[in-house]
Amino acid sequence: MSTTKKSAIFLAVAFAISWAITIGGHYAGLKESLGLAGPILLLSAMMTGPAISALICAFAFEKGRRVDALGLRFRPNIWWLLAWAIPIALAAGSVVLTLVLSDRTFVDIGEASRQAAEAQGQDFSQMPPWLTSSAFIVILAITLGALINAPILTFTEELGWRGYLHDLWRPFGFWRASLGTGFVWGLWHAPAIFFYGLNYPDNAALGIGLFTLFCMLLSPILTLVRDRAGSVWAAGIFHGAFNAVGGLTLGMVSEPIFPWNGIVGIGGFLALAIGVGAVFLMQRNARAPAAQAAT
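This structure is a prediction, so every number in the text was calculated from the model and none was measured. Starting afresh in each chain, residues are numbered from 1 along the sequence in its written order. Local features in a predicted model are, by the rule used here, given only for residues with pLDDT of at least 70; side-chain atom pairs are given and counted only at 80 or more, and totals for whole chains, interfaces and linings are based on all residues. Each side-chain value is derived from all of the structure's non-hydrogen atoms; neither hydrogens nor water enter the calculation.

Turning our eyes to something else, we now look at the overall build of the protein. Only DSSP runs of H or I with at least four residues qualify as helices, and only runs of E with at least two residues qualify as strands; both kinds are numbered from the N terminus onward. Counting its regular elements, the protein contains 13 helices and zero strands. Secondary structure elements of the protein, listed N to C terminal, follow the sequence α-α-α-α-α-α-α-α-α-α-α-α-α. Whereas a compact globule of 295 residues would reach a radius of gyration of roughly 19 Å, the protein reaches 20 Å, a difference of no more than 12%. Overall, the C-alpha framework of the protein stretches about 65 × 55 × 35 Å when taken along its three principal axes. Each residue gets one of three labels from its accessible area relative to the maximum for its type: buried under 20%, exposed over 50%, partly exposed in between, using a 1.4 Å probe on protein chains only. Within the protein, buried positions represent 44% of all 295 residues. Pairs at least 24 apart in sequence give 79% of the contacts found in the protein among residues at least 6 apart. We get accessible surface area from the Shrake-Rupley algorithm with a probe of 1.4 Å; when it comes to residues, only the shown protein chains can shield them. Carbon and sulfur atoms provide 70% of the accessible area of the protein, an area that totals close to 14,100 Å². Charge separation in the protein, taken as the distance between the mean sites of 17 positive and 14 negative side-chain charges, equals 20 Å. The quantity called the radius of gyration is restricted to C-alpha atoms. Its globule counterpart is 2.2 Å times the number of residues to the power 0.38. Contacts are assigned to residue pairs that have any heavy atoms within 4.5 Å of one another. As used throughout, the charge tally considers Lys and Arg to be positive and Asp and Glu to be negative, leaving His and the chain termini uncounted. Charge positions are represented by NZ for Lys, CZ for Arg, CG for Asp and CD for Glu.

Next comes the structure, spelled out in structure tokens:
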């Protein structure tokens, strides 16, 4: 079967599963009937669509090479560590750019958390100060949060996008594969944004276009990590760490509302654009020695 047909089947199944969960859940009233956990449960279920589709396609079309088709080789290298570190740099960059370019101010998330808890009657007098410090909250997010998120995202979204779809589209070139994957990845989020307010609760329709562009900017960085690490596991680590620290960018700036809403606001877009520029230079420098060797 051709790559085009495999791609069409994979995307059709992935979108059908995920969109059926989010759109169906909305119109069935599950978002409200399940209480505060409703949106979280439905969006978590939505994430399984790409993985289910990838497994179906791998078992149907990739006999003898299923592990490679899914990108599940487990051979850690330095890029597995960078997969964790790069999201932290992007998040920090988004906060710095937001503070420099806007009228927003820095918020000490530790102090803000204590004040919010005390306003609800909680007593912190017997608690060691370091437990509510900003440093501890950040460290907890970038370690425990990333460790929890990484395997979940590896075997849901990333098994599809940087696993099976990467295997299908990477032969067409780094940038085509990256931008194409970023486009379908962003569009795949559309019902979650429109019906559940994901990332853009006050600008749902605009948010679909913005987040598609956001994913297209993030995708080359993820593709680079996936390529250099040689495994979808590294993409899962990256995605897990990115989600873990992304929420912190909202807490670190005053009034984190559109268009200065943390990592998915202007500061985040600019940080990603700088990251894509670095990827471009790395890819160009990697091609140069190969071209010289061929002459």
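Now, onward.
Right, let's get into a nonpolar patch on the surface. Patch membership requires over 30% relative accessible area and the absence of a salt bridge. Like charges are linked within 9 Å, and nonpolar side chains (Val, Leu, Ile, Met, Phe, Trp, Tyr) within 5 Å. When a carboxyl oxygen of Asp or Glu is within 4 Å of a side-chain nitrogen of Lys or Arg, the pair counts as a salt bridge. Among the surface-exposed residues, Val96, Val100, Leu101, Ile266 and Leu270 lie close enough to one another that they form a single nonpolar patch of about 420 Å² accessible area. Going through the elements one at a time, helix 6 (78-101) and helix 13 (266-294) are the ones with two or more residues in the nonpolar patch. Take the nonpolar patch: its biggest share by element is three residues, from helix 6. With respect to the helices, strands and loops of the structure, Val96 is situated in helix 6.

A few words now on empty space enclosed by the protein. Cavities and pockets were defined on a 1 Å grid built over protein atoms only: a cavity is a set of grid points that admits a 1.4 Å probe from which the probe cannot escape, a pocket is an open set flanked by protein on both sides within 12 Å along at least five of seven lines, and lining residues are those with an atom within 4 Å of any such point. Grid points are joined across faces, edges and corners, and a volume is the space filled by probe spheres set on the points. Considering all chains together, one arrives at one cavity of 30 Å³ or more under this definition. Put simply, the largest cavity is a space of about 30 Å³. For the largest cavity, the full set of lining residues is Trp161, Arg162, His166, Ala177, Ser178, Thr181 and Thr223. Among the secondary structure elements, those contributing two or more residues to the lining of the largest cavity are helix 8 (134-169) and helix 9 (174-188). Taken together, the residues of the lining of the largest cavity break down into two nonpolar, four polar and one charged. Residue classes follow a fixed rule: Ala, Val, Leu, Ile, Met, Phe, Trp, Tyr, Cys and Pro count as nonpolar, while Asp, Glu, Lys and Arg count as charged, and any other residue, Gly among them, counts as polar.

Counted under the stated rule, the structure contains seven salt bridges. With a shortest N-O distance of 2.9 Å, Arg65 and Glu62 are connected by a salt bridge. Among the ionic pairs, Asp68 bridges to Arg73, the shortest N-O distance being 2.7 Å. For Asp68, a relative accessible area of 35% corresponds to the partly exposed category. Here Arg73 falls in the partly exposed class, since its relative accessible area comes to 35%.

A separate point is the packing of helix 8 against helix 12 (residues 232-251). Interaxial distance between helix 8 and helix 12 falls to 5 Å at its minimum, and their mutual angle equals 135°. If you check the angle between helix 8 and helix 12, you find them oblique. Where helix 8 crosses over helix 12, the two elements pack in a sense that is right-handed. Here the residues of the contact of helix 8 with helix 12 sort into 17 nonpolar, eight polar and three charged. To obtain an axis, a line is fitted to C-alpha atoms, over the contacting stretch when the element is a helix, and the angle between two such axes runs from 0 to 180 degrees between their N-to-C directions. If an angle is under 35 degrees, it is roughly parallel; if it is over 145, roughly antiparallel; if it lies from 65 to 115, roughly perpendicular; otherwise it is oblique. Take the far helix as your reference; a near helix turned counterclockwise from it by less than a right angle gives a left-handed crossing, and one turned clockwise gives a right-handed crossing.

Only centres within 6.5 Å qualify two rings of Phe, Tyr or Trp (six-membered ring in Trp) as a pair; their planes then separate them into stacked at under 30 degrees, edge-to-face at over 60, and tilted for everything else. Across all of its chains, the model carries 16 aromatic pairs by this definition. Ring plane angle 85° and centroid distance 5.1 Å describe the contact between Phe155 and Trp233, whose orientation is recorded as edge-to-face. With a gap of 78 residues between them, Phe155 in helix 8 and Trp233 in helix 12 connect regions that are remote in the sequence. Residue classification places Phe155 among the partly exposed positions, given a relative accessible area of 38%. What makes Trp233 partly exposed here is its relative accessible area of 22%. On the basis of an interplanar angle of 75° and a centroid distance of 6.2 Å, the ring pair of Tyr200 and Phe258 is categorised as edge-to-face. Note that Tyr200 is positioned in the loop between helix 10 (190-196) and helix 11 (204-229) and Phe258 in the loop between helix 12 and helix 13, a separation of 58 residues in sequence. Ring-pair connections join several aromatic residues into one group, and the members of that group are Phe211, Phe214, Phe238, Phe242 and Phe269. Counted as over-ring charges are cases with an Arg CZ or a Lys NZ within 6 Å of the ring centre that also lie within 35 degrees of the ring normal. Directly above the aromatic system of Trp185 lies the positively charged group of Arg162, at a separation of 4.3 Å from the ring centroid.

Another point: the packing of helix 6 against helix 12. One way to put it is that helix 6 packs onto helix 12 with a least axis distance of 8 Å and a crossing angle of 25°. Here helix 12 runs roughly parallel to helix 6, going by the angle between their axes. Like other packed secondary-structure pairs, helix 6 and helix 12 cross with a definite hand, here right-handed. Counting all contacts with helix 6, which are made through Trp80, Ala83, Trp84, Ile86, Pro87, Ile88, Leu90, Ala91, Ser94 and Val95, the residues of helix 12 involved are Trp233, Ala234, Ile237, Phe238, Ala241, Phe242, Val245 and Thr249. Counted by class, the contact of helix 6 with helix 12 contains 16 nonpolar, two polar and no charged residues.

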